[in-house]
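# Structural features, examined
Below, each chain spelled out in residue letters.
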Amino acid sequence: MRRRYTIHRDGDLLVEELDAEGKAIDPEPVPPEERLPVELVVMAPDGEDGRAQLLDLMELALSIEAEGPPPNPNGPDKFKLPVIS
């Protein structure tokens with residue numbers, strides 16, 4: 001399964017199935033200049049497992065984008081002491 005996700009200028013999510021060469025099978029009737037410069041191409045094995053893994057990956061990416069990356073336990077704040085006031 002290969003899909004391309006792009007975002008239309010009005011905020012709509014455009015989803016296109018791709019063939020083995022990366023060309024849209026049934027392209028969206030939206031010209032490239034009306035799409036935002038955000039494009040995601042996802043490839044996974046066909047089947048329920050592949051779809052479930054893609055959804056997990058997309059949910060993880062959305063949560064990281066919305067909440068920020070998880071803190072690095074070995075980052076610069078590793079030795080920072082909490083302040084009690």
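## Remarks on the sheet that holds strand β2 (residues 13–17)
- Strands sit in the order β2-β1-β3 across an open sheet of three strands; the sheet is antiparallel. Two strands close off the open sheet at either side, each with one partner strand: β2 and β3 (35–43). Direction aside, the axes of adjacent strands within the sheet are offset by 20° on average.
- Where strand β1 (residues 2–8) lies against β2, five bridges are found, and the strand directions are antiparallel. Bridging across to β2, Arg 3 finds its partner in Glu 17.

## A closer look at the confidence of the model for the chain
- Of the residues in the chain, 78% have a pLDDT of 70 or more, and the chain-wide mean is 77.
- Summarising per-element confidence for the chain, the mean pLDDT is lowest in helix α1 (residues 48–67) (76) and highest in β2 (84).

Rules of the game
Residues numbered from 1 in each chain as written. Predicted model: local features only at pLDDT ≥ 70, side-chain atom pairs only at ≥ 80, totals over all residues. Heavy atoms only, no water. Pairing = 2+ DSSP bridges. Helix = DSSP H or I, 4+ residues; strand = E, 2+ residues; numbered from the N terminus. Axes fitted to C-alpha atoms, helices over the stretch in contact; angles between N-to-C directions. pLDDT = per-residue confidence, 0-100.

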